[in-house]
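# Observations on the model geometry
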Amino acid sequence: MDEYLDRLNIYASRLVSQKEYFVPGHRACQGCAEALALRLVAKTLGRNNIVACATGCMEIVSSPLPLTSWKVPWIHVAFENAAAVASGIESGLKALMRKGRLPRQKINVMAMAGDGGTSDIGLQALSGALERGHNMVYVCFDNEAYMNTGIQRSSSTPFGASTTTSPAGKVVPGQVTWKKNMPEITAAHNIPYVATACSSYPFDLMEKVKKAADIEGPAYVHILSICPTGWRIPPQLAIHAGRMAIETGMFPLYEVERGKYRLNIDLPELRPVEEYLRFQGRFRHLTPELIEKIQQRVREEYEKLKRKVEMTNED
Amino acid sequence: MKKVLTGNQAVAHGVLLSRAEVISAYPITPQTTIVENLAELCADGILEAKFLRVESEHSALASIIGASMVGARTFTATSSQGLALMHEMLHWAAGSRLPIVMANVNRALGAPWNIWNDQTDSLSQRDTGWIQLYCENNQEVLDTVIQAYMIAEEVYIPVMVVLDAFFLSHTSEPVEIPEGGEVDKFLPKYHARYKCDVNDPHSFNLMVSPEYYQEFRYKIQYAMEEAKKVAKRVDDLFAKSFGRGYGPIEGHLCDDAEVILVTTGTVTSTSRGTIARMRERGVKVGLLKIKMFRPFPREEVKEALRGAQKVAVIDRNISFGCGGIFGHEIKATLCDEEKRPQVFDFVTGLGGRDVTPSLITEIIEYTCQNERPEGEIIWAGMRG
């Protein structure tokens, strides 16, 4: 795969800061790639960062009083409003700096939520904050279901996945709706930066988070966060699962910078989706017909994305 | 300087004089003119604040929580359905111990749809951990907003300033506006004791197990008790600076009264006139105005009602399956008194129905003429 990476800094891992702001000792499950992604995000945003965290796995595992995994200021205010809280933080900082009550400095404001907190219950607050144009980074950690409450389906759960509220039964084959396309929804707000990322591609992820923080205005980063517990895979396959998601085209890595689409890993040929689906317990029940249905959809969506790349880069 | 202001303009002036730094709100009748006024003040640069035009009341309070968390002085305003939508955030604001000030214009809740005066919206938020202050006139509205910041920032409990829909919100009255410099002397700049500070990072609102949660609740209750003393001190200080004070309650002609009428909001003003006329007729009636609903000023209420034979409470609200909410508070407050006056609980004025002098006269006469009320609730001013 590495030959397709257009960035060579993968060989420069030693240049990445050793400093951590989301530190060990948290209570995430074994092999949790969401915790890994969060660690990379926190590392990238550095010490001058204030975090508004929605209820969810990362909130629960990182903050059992009297312990905390956070080395930056962090606040949790309910489930559906991380974007609204972060917009208030950003406004408060601006107001205080303008009045000279706080020294002028660059402080990153990060909102974070899972896929439920973003694409379902938090969608309205997110849309409002993006539309208002706050200078903040919103990170969606998408593990494709309500994992914190025990693997219930969300609008971000992929077609065919078996969850506790979309179980694969004798009549219904698990989730029957297609994954909501959050990056496109946020891009439709015409914000300066939208990106997808995955912790199986750590340097790509960190670079995107850095870009999101540096750009003036709202930025949205959607991170596929592999959840071995909810996806029913062995923990040691978490990184592999992320790679397969990208290589099969199930979750393409791309960014939309000021309206211009760019595929970060453009594969000449996608692997068959079966290679992604077959080792995951949540897809175990899928028939060849259903797999073909998914394959077709992935192909179509990938083509659509490629057309957007072409359309927005015509000069 | 004296100016003619509506209640909503009085709120906006109070916020301006208190120099709020972040304002976040969503339009709802009859609150809208508060935020319209504030938007104008910000647009003209008269008020140096960040103004967030959010997409819902829920986000209004959520964003204000964020702004308060970094140490800004904050304000929001709402009413009725908007307050109901905010409900979850009310708990979070109080639990986060943030000195947020909010104005709520008392309006009825649906269904059916009604935009007029009714107290059930704010009273049904009574267990959220907010201080609630009910205002009688526009002067009190302006003064209470300024006092609210001082109380909130000392006890770290949010304050809701409550005013009646239309009777105050859209009614013009002459209001004495304090000079900005005088208010600055009275109300110092807000310096948060705890905040989201990159140079001193802390985690807020963590996961708290049964081992610790109860103590968090105890501390809020403790702060509420402190708030009674603080509010009194702030009011005294305000009276010294501006010549006007209100107290958590106000007893009027209570000392020799056989019947005491208990009121809140604008019904108090109407009752003042009615009582004066009934006194002329020799009826020994007094008036107890309740301004502070949370924390409930138990001792003061007991003291004021001591000696009365009967108490008539006017409730512009209802807790279904129970009764008038102030009536219940009064009954609960009196239950350990040795000599308890008979409490008559009148539910009336719901959804903006007028509580007229003649209705108040009827309420007092009913109380005088009957040994005890017929039933827990007496519905007054019903359509015949």
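On a predicted model such as this, the values are computed, not experimentally measured, just so you know.

Parameters at a glance
- Residues numbered from 1 in each chain as written.
- Chains lettered and ligands numbered in written order.
- Predicted model: local features only at pLDDT ≥ 70, side-chain atom pairs only at ≥ 80, totals over all residues.
- Heavy atoms only, no water.
- Domains from an automatic or database assignment.
- Contact = heavy atoms within 4.5 Å.
- Buried area = accessible area lost by both parts, 1.4 Å probe.
- Buried < 20%, exposed > 50% of the residue type's maximum accessible area, 1.4 Å probe, protein only.
- Helix = DSSP H or I, 4+ residues; strand = E, 2+ residues; numbered from the N terminus.
- Axes fitted to C-alpha atoms, helices over the stretch in contact; angles between N-to-C directions.
- Parallel < 35°, antiparallel > 145°, perpendicular 65-115°, else oblique.
- Left-handed = near helix turned anticlockwise from the far one by under 90°.
- Nonpolar A, V, L, I, M, F, W, Y, C, P; charged D, E, K, R; others polar.
- Salt bridge = Lys/Arg side-chain N within 4 Å of Asp/Glu carboxyl O.
- Polar contact = N/O pair within 3.5 Å; in protein donor to acceptor, adjacent residues only side chain to side chain.
- pLDDT = per-residue confidence, 0-100.
- Disulfide = S-S within 2.5 Å.
- Pairing = 2+ DSSP bridges.
- Right-handed = clockwise from strand over helix to strand, strands pointing away.

### Let's talk about the domain arrangement of chain B
Residues and elements named next belong to chain B. Examined at the domain level, chain B breaks down into domain 1 (2-242) and domain 2 (249-379). For domain 1 versus domain 2, the distance between C-alpha centres works out to 28 Å. Domain 1 puts 26 residues into the contact, and the matching count from domain 2 is 29 residues. Overall, the association of domain 1 and domain 2 removes approximately 2300 Å² of surface from exposure, summing both partners, and the carbon and sulfur fraction of that is 52%. Area buried by domain 1 at its contact with domain 2 is led by Q119, R126 and E136, which between them contribute 28% of it.

### Some details on helix α1 (residues 7-17) of chain B
All names here are of chain B. Here α1 lies mainly inside the structure; 10 of its 11 residues are buried. Listing the buried residues of α1 in full gives G7, N8, A10, V11, A12, H13, G14, V15, L16 and L17. Following α1 by one or two positions, R19 adopts a phi angle in the positive range, close to 55°.

### Here we look at the packing of helix α3 (residues 57-69) of chain B against helix α4 (residues 80-95) of chain B
Residues and elements named next belong to chain B. Their axes nearest at 7 Å, the elements α3 and α4 cross at an angle of 25°. Relative to α4, α3 is oriented roughly parallel. At the point where α3 passes α4, the crossing takes the right-handed sense. Taking contact as the criterion, the partners of E57, H58, A60, L61, A62 and I65 in α3 are, on α4, G82, L85, M86, E88, M89, L90, W92 and A93. Looking at the contact of α3 with α4 residue by residue, the classes come out as 10 nonpolar, two polar and two charged.

### Quick look at the environment of A227 of chain B
All names here are of chain B. Assignment of secondary structure puts A227 in helix α8 (residues 210-242). Along the sequence, A227 and E55 sit 172 residues apart, while their C-alpha atoms lie 33 Å from each other. Among residues more than four places away in sequence, those in contact with A227 are I131, V155, M292 and P295.

### Focus on the interface of chain B and chain A
In this assembly, 43 residues from chain B lie in contact with 45 residues from chain A. Both faces considered, chain B and chain A share a buried interface measuring about 3400 Å² in area, 62% of it formed by carbon and sulfur atoms. In this assembly, chain B and chain A are joined by three salt bridges. The partner of E21 of chain B in a salt bridge is K99 of chain A, with the nearest N and O atoms 3.8 Å apart. Our count for the chain B to chain A interface comes out at 16 residue pairs in polar contact (both at pLDDT 80 or more). Listing elements by their share of the side of chain B that touches chain A, those giving two or more residues are β3 (50-53), α3, α4, β9 (203-204) and α8 of chain B. Here the side of chain B that touches chain A gets eight residues from one element, more than from any other, and that element is α3 of chain B. When the residues that make up the side of chain B that touches chain A are grouped by side-chain class, the tally is 22 nonpolar, 11 polar and 10 charged.

### Some remarks on the environment of R258 of chain A
Residue and element names in this part refer to chain A. Secondary-structure assignment places R258 in the loop between β7 (254-257) and β8 (260-263). According to the relative accessible area criterion, R258 is exposed, its value standing at 59%. Put simply, R258 and N190 are 68 residues apart on the chain and 7.4 Å apart in space, counted from C-alpha to C-alpha. Among residues more than four places away in sequence, those in contact with R258 are P192 and I215.

### Thoughts on the packing of helix α6 (residues 138-155) of chain B against α8 of chain B
A pair of packed helices is characterised by two quantities: the angle between their axes and the separation of those axes. Residues and elements named next belong to chain B. Where α6 meets α8, the closest approach of the two axes is 9 Å, and the angle between their N-to-C directions is 135°. Between α6 and α8, the angle falls in the class oblique. Read as a crossing pair, α6 and α8 show a hand that is right-handed. On α8, the residues touching D143, I146, Q147, M150, I151, E154 and V155 of α6 are A223, E226, A227, V230, A231, R233, V234, D235, L237 and F238.

### What about the confidence of the model for chain B?
Per-residue confidence for chain B gives a mean pLDDT of 97, with 100% of residues at or over 70. Reported confidence for the predicted complex is 0.97 by ipTM and 0.96 by pTM.

### Observations concerning the state of the cysteines
What is meant by a disulfide is a covalent connection between two cysteines, made through their sulfur atoms. Inspection of the entire model under this criterion finds zero disulfides over all chains. There is no disulfide at C32 of chain A, and the cysteine sulfur nearest it, in C29 of chain A, is 6.4 Å away. Here C196 of chain B stays unpaired: no disulfide links it, and the sulfur of C53 of chain A, its closest cysteine neighbor, is 12 Å away. Since its relative accessible area comes to 4%, C196 of chain B is described here as buried.

### Some remarks on the pattern of salt bridges
Tallied over the entire structure, the rule returns 42 salt bridges over all chains. D204 of chain A serves as the salt-bridge partner of K208 of chain A, at 2.9 Å between the closest nitrogen and oxygen. Placement of both K208 of chain A and D204 of chain A in helix α7 (residues 202-214) is noted, with a separation of four residues, approximately one turn of the helix. In terms of burial, K208 of chain A and D204 of chain A fall into one category: buried. In this structure, E329 of chain B engages R126 of chain B in a salt bridge whose closest nitrogen and oxygen atoms are separated by 3.8 Å. Here R126 of chain B lies in the loop between α5 (120-123) and β6 (131-134) and E329 of chain B lies in helix α11 (residues 325-334), a separation of 203 residues in the sequence. The buried category is assigned to E329 of chain B, whose relative accessible area is 9%. Exposure remark for R126 of chain B: the relative accessible area of 30% places this residue in the partly exposed category.

### Brief notes about the pairing of β6 of chain B
All names here are of chain B. Residues I131 and L133 of β6 are buried on one face, and the alternating residues Q132 and Y134, pointing to the opposite face, are buried as well. Taken together, the four bridges between β6 and strand β7 (residues 159-164) define a ladder with parallel strand orientation. Each residue of the ladder has a partner; that of Q132, found in β7, is M160. With respect to chirality, the unit in which β6 leads through α6 into the neighbouring parallel β7 is right-handed.

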